[in-house]
Amino acid sequence: MNKVDEDKKYLIDKSIEEWKALSQYIMDIDKSYSNYITIITAISSFTVALLEIINLKYCDSPNETLSYIFYIVPIAFIVVFGYMGYQFRITAILRGHLASLEDKINKELGEDIFMWNSSLVEVYMAHNNVPNNTLMIPILIFVLGITTLCVMETFKTGTLLFNILYWILMVALSGLVLIPFFKNGDIRKKTYKTEEIIKKYNQYIGGKQK
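Since the structure is predicted, the reported quantities are computational estimates derived from the model, not experimental observations.

Okay, the packing of aromatic side chains next. Any aromatic ring pair is given by two values, namely how distant the centres are and how the planes are angled relative to each other. Within the structure shown, the criterion is met by 9 aromatic pairs. Note on Tyr71 and Tyr166: the rings are 5.1 Å apart at their centroids and 80 degrees apart in plane angle, and the pair reads as edge-to-face. Remark: Tyr166 occurs in helix α7 (residues 160-178) and Tyr71 occurs in helix α3 (residues 69-109); sequence separation between them is 95 residues. Between the aromatic rings of Tyr83 and Tyr86, the centroid separation amounts to 6.4 Å while the plane-to-plane angle is 35 degrees, which identifies the pairing as tilted.

Encoded structure:
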C-alpha cells in the first residue's frame, strides 16, 4: 500500500469513527424524548400534591392555592419545550454534518454504504413522511387547549394587570421557544455545507481575535 492509499484509508477510518460517535449521540438524544412525558407527569403530580398539602394546612377556602397551578403549568411547558428545542437543534446540526460526512465517505469508498443521515433522512423523514412533517400540529393543539384553560382560570384568580403582564411574558417566551422548531430543516441543510461553515467559523474567530 503506497502513501496515498495509506492516507486515504486513515482519513476514511477517522471519518467513520466520527460518524459512529455522533450517530450514537443522536440515538441517545432520541431515546431521551420518551422521558419528557414522565418528567412532566412527575412534576405536575408533585406540584398538585404540594399545593394540596399547603391548601389543607394553611388556607381557609377550599382549593384556594390549587388555583395557582394554572400559573405554573405554562411555565412548565416553556421549560420542557425549551429543553426539547435545544435537543432538536443539536440533532438538526449533527444530521446535516453527518449527511455531508456520509457523502464524502461514500465518494471515497465508491459505493453508497452510509445513507442514514443523508439519503434516508432526506427522502423518508424530511419528505414523504406526513406524520413527521405534521408532528408539531397535534402537540400544539394540546398545548393551546391547556393554555386556554389556564388563561380562563388565571383571570379568575389574579388581578387584571398581573394577568395581562404574565400572559404577555408567556407569549414572548413561547415564541422564543417554539419558533426555532420550525427552522431545524433549514439548519440541517446549512450544516451540510461544510465549506461555508468553516468560512463563517473563521470569520467569527477572526473577529474575536481583533
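From this point, the discussion proceeds with the structure in view.
Moving on, we come to a positive patch on the surface. A surface patch of like charges, here positive, comprises Lys183, Lys190, Lys193 and Lys200. Residue position: Lys190 is located in helix α8 (residues 184-192).

This part is about the packing of α3 against α8. α8 packs onto α3 with a crossing angle of 35 degrees between their chain directions and a minimal axis gap of 7 Å. The handedness of the crossing between α3 and α8 comes out as right-handed. Across the interface between the two elements, Phe88, Arg89, Ala92, Ile93, Arg95, Gly96, His97, Ala99, Ser100 and Asp103 from α3 touch Asn184, Ile187, Arg188, Thr191 and Tyr192 from α8. When its residues are assigned to classes, the contact of α3 with α8 shows 6 nonpolar, 5 polar and 4 charged.

Moving on: the pattern of salt bridges. According to the stated counting rule, one finds 5 salt bridges in the structure shown. In this structure, the salt-bridge partner of Lys156 is Glu153, at a minimum N-O distance of 3.6 Å. Here the residue Lys156 and the residue Glu153 both occupy positions in helix α6 (residues 136-157), the gap between them amounting to 3 residues, near one helical turn. By relative accessible area, Lys156 is classed as exposed at 64%.

Because an α-helix packs 3.6 residues into every turn, residues spaced three or four apart end up facing the same way. What α8 keeps buried is the set Asn184, Ile187, Arg188 and Thr191. What you see down the axis of α8 is that its buried residues fit within an arc of 100 degrees, all on one side.

This next bit is on the nonpolar core. Most often, soluble globular proteins have nonpolar side chains that are buried together. Core analysis: the biggest nonpolar cluster contains 15 residues, and Phe81, Met84, Tyr166, Trp167, Met170, Val177 and Phe181 have the highest contact counts within it. Contributions of two or more residues to this core are made by α3, α6 and α7. Val177 has contacts with Ile78, Phe81 and Gly82, leaving out every residue within four places of it along the chain. With 12 residues, the next largest nonpolar core counts Ile16, Trp19, Ile90 and Leu101 among its residues.

The next subject is α3. The end-to-end C-alpha distance of α3, which contains 41 residues, comes to 58 Å, matching closely the 60 Å that a straight helix rising 1.5 Å per residue would cover. Within two residues after α3, Gly110 carries a phi angle of roughly 80 degrees, on the positive side.

So, how was this worked out
- Residues numbered from 1 in each chain as written.
- Predicted model: local features only at pLDDT ≥ 70, side-chain atom pairs only at ≥ 80, totals over all residues.
- Heavy atoms only, no water.
- Phe/Tyr/Trp six-rings, centres within 6.5 Å; stacked < 30°, edge-to-face > 60°.
- Helix = DSSP H or I, 4+ residues; strand = E, 2+ residues; numbered from the N terminus.
- Patch = residues over 30% accessible without salt bridge, like charges linked within 9 Å, V, L, I, M, F, W, Y side chains within 5 Å.
- Areas by Shrake-Rupley, 256 points an atom, 1.4 Å probe, with all protein chains shown as cover.
- Salt bridge = Lys/Arg side-chain N within 4 Å of Asp/Glu carboxyl O.
- Lys, Arg positive; Asp, Glu negative; His and termini not counted.
- Charge placed at Lys NZ, Arg CZ, Asp CG, Glu CD.
- Axes fitted to C-alpha atoms, helices over the stretch in contact; angles between N-to-C directions.
- Left-handed = near helix turned anticlockwise from the far one by under 90°.
- Contact = heavy atoms within 4.5 Å.
- Nonpolar A, V, L, I, M, F, W, Y, C, P; charged D, E, K, R; others polar.
- Buried < 20%, exposed > 50% of the residue type's maximum accessible area, 1.4 Å probe, protein only.
- Arc of directions from axis to C-beta.
- Core = buried A, V, L, I, M, F, W, Y, C linked by side-chain atoms within 4.5 Å.
- Expected span 1.5 Å × (residues − 1).

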